[in-house]
Amino acid sequence: MTAAPGFPLLQAGPVSALQAPAPAKLEPSAPMNRLASSVLFLLSFLLLVFSMPTCHLKGPLVQSAHNLLRDMGAPFPLHCLQHNHNISLPDSVFPSTKSNQHQCNQVVRVVYEVLEGVRHLFDNYTLPEGEGEVSWDSEKLNNFQNRLYRLLDEGKCLSRVEGSVVVSLYFRHVAAVLQQQGSSDCGWLCLRRDLLWVLDTALHNHRACFFWSHPH
């Protein structure tokens, strides 16, 4: 190829592609990181809350169990006072102030755990008969046990919660007395006295922690 007169011949060289600058890597800002973490935490919390079963005990049923327990026998006898040193529940099992939601969870768990322990004793030990028998009204006792089993059935999701060491130790002491010949009546009477205290304290000091069909 020849150049036109007066014009030099241009040598064609390889055409190089235009190199576009590489896009800058965008780093997420610290506020965005915190926002994303907060959103994930909130979603996880909501998922946990909605996946948890709703556990409650019905106030009227607790009240009925309390009244039957109160009325089915005589007051605590003097000859059983000797067992007070090793069969008693401390006041600390309940919150010392009016209950908020967290404290209500504690109240309901304590009531449920105590009822569960009572059922275990009824299922594994018999009331003494003859000399040293426990003189409880049989009809009221049967009705109380019916309320007991209903409360445990309705609040059974509470059984998944780890129990209290104090309550567990209390029932071991009661069981030990129930196995002693000549003292088993005092074991049952101590149990009734303490269960009555648990239900009475819960109903009077933490009434709002139970489910009532009408406001109380």
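Higher on the page you've got the structure.
Residues numbered from 1 in each chain as written. Predicted model: local features only at pLDDT ≥ 70, side-chain atom pairs only at ≥ 80, totals over all residues. Heavy atoms only, no water.

**Describing the overall build of the protein chain**
The number of helices and strands found in the protein chain is 6 helices and 0 strands. Traced from its N-terminal end to its C-terminal end, the protein chain shows the element sequence α-α-α-α-α-α. For the protein chain, the residues scored as buried account for 34% of the 216 residues in total. Considering only intrachain contacts with a sequence separation of at least 6, the fraction spanning at least 24 residues in the protein chain is 83%. For the protein chain, the accessible area works out to roughly 14,500 Å², and carbon and sulfur atoms hold 58% of it. (Helix = DSSP H or I, 4+ residues; strand = E, 2+ residues; numbered from the N terminus. Buried < 20%, exposed > 50% of the residue type's maximum accessible area, 1.4 Å probe, protein only. Contact = heavy atoms within 4.5 Å. Areas by Shrake-Rupley, 256 points an atom, 1.4 Å probe, with all protein chains shown as cover.)

**Looking at the pattern of salt bridges**
Under the defined criterion, the tally for this structure stands at 4 salt bridges. The closest approach of N and O atoms between D71 and R70, which form a salt bridge, is 2.8 Å. Owing to a relative accessible area of 39%, D71 belongs among the partly exposed residues under this scheme. With a closest N to O distance of 2.9 Å, D194 and R193 form a salt bridge. Here R193 falls in the partly exposed class, since its relative accessible area comes to 22%. (Salt bridge = Lys/Arg side-chain N within 4 Å of Asp/Glu carboxyl O.)

**Quick look at helix 4 (residues 138–154)**
Between the first and last C-alpha of helix 4 there are 24 Å, a value that for 17 residues agrees with the 24 Å anticipated at 1.5 Å per step. Along helix 4, the residues classified as buried are L141, F144, Q145, L148, L151 and L152. Axial view of helix 4: buried residues confined to an arc of 125°, hence all on one face. Buried residues belonging to helix 4 abut helix 2 (59–71), helix 3 (101–124) and helix 6 (184–205). The N-cap of helix 4, judged by a side-chain oxygen 3.1 Å from the amide nitrogen of E139 a few residues on, is D137. (Expected span 1.5 Å × (residues − 1). Arc of directions from axis to C-beta. Polar contact = N/O pair within 3.5 Å; in protein donor to acceptor, adjacent residues only side chain to side chain.)

**Quick word on the nonpolar core**
L57, V111 and V114 are the most contacted members of the largest nonpolar core, which has 52 residues in total. Of all the secondary-structure elements, those providing two or more residues to this core are helix 2, helix 3, helix 4, helix 5 (165–178) and helix 6. Excluding its chain neighbours within four sequence positions, the residues that come into contact with V114 are L89, V167, F171, L195 and V198. (Core = buried A, V, L, I, M, F, W, Y, C linked by side-chain atoms within 4.5 Å.)

**Here we look at the packing of helix 2 against helix 4**
Where helix 2 contacts helix 4, the axes come no closer than 9 Å and their chain directions differ by 150°. On the basis of their axis angle, the class for helix 2 and helix 4 is roughly antiparallel. In terms of crossing hand, the pair formed by helix 2 and helix 4 is left-handed. Contacts between helix 2 and helix 4 involve L61, V62, S64, A65, L68, L69 and D71 from the former and K140, N143, F144, R147, R150, L151 and E154 from the latter. (Axes fitted to C-alpha atoms, helices over the stretch in contact; angles between N-to-C directions. Parallel < 35°, antiparallel > 145°, perpendicular 65-115°, else oblique. Left-handed = near helix turned anticlockwise from the far one by under 90°.)

**Some words on the side chain of S184**
When you line up the elements, S184 lands in helix 6. Residues within four places of S184 in sequence aside, it is in contact with P128, V177 and L178.

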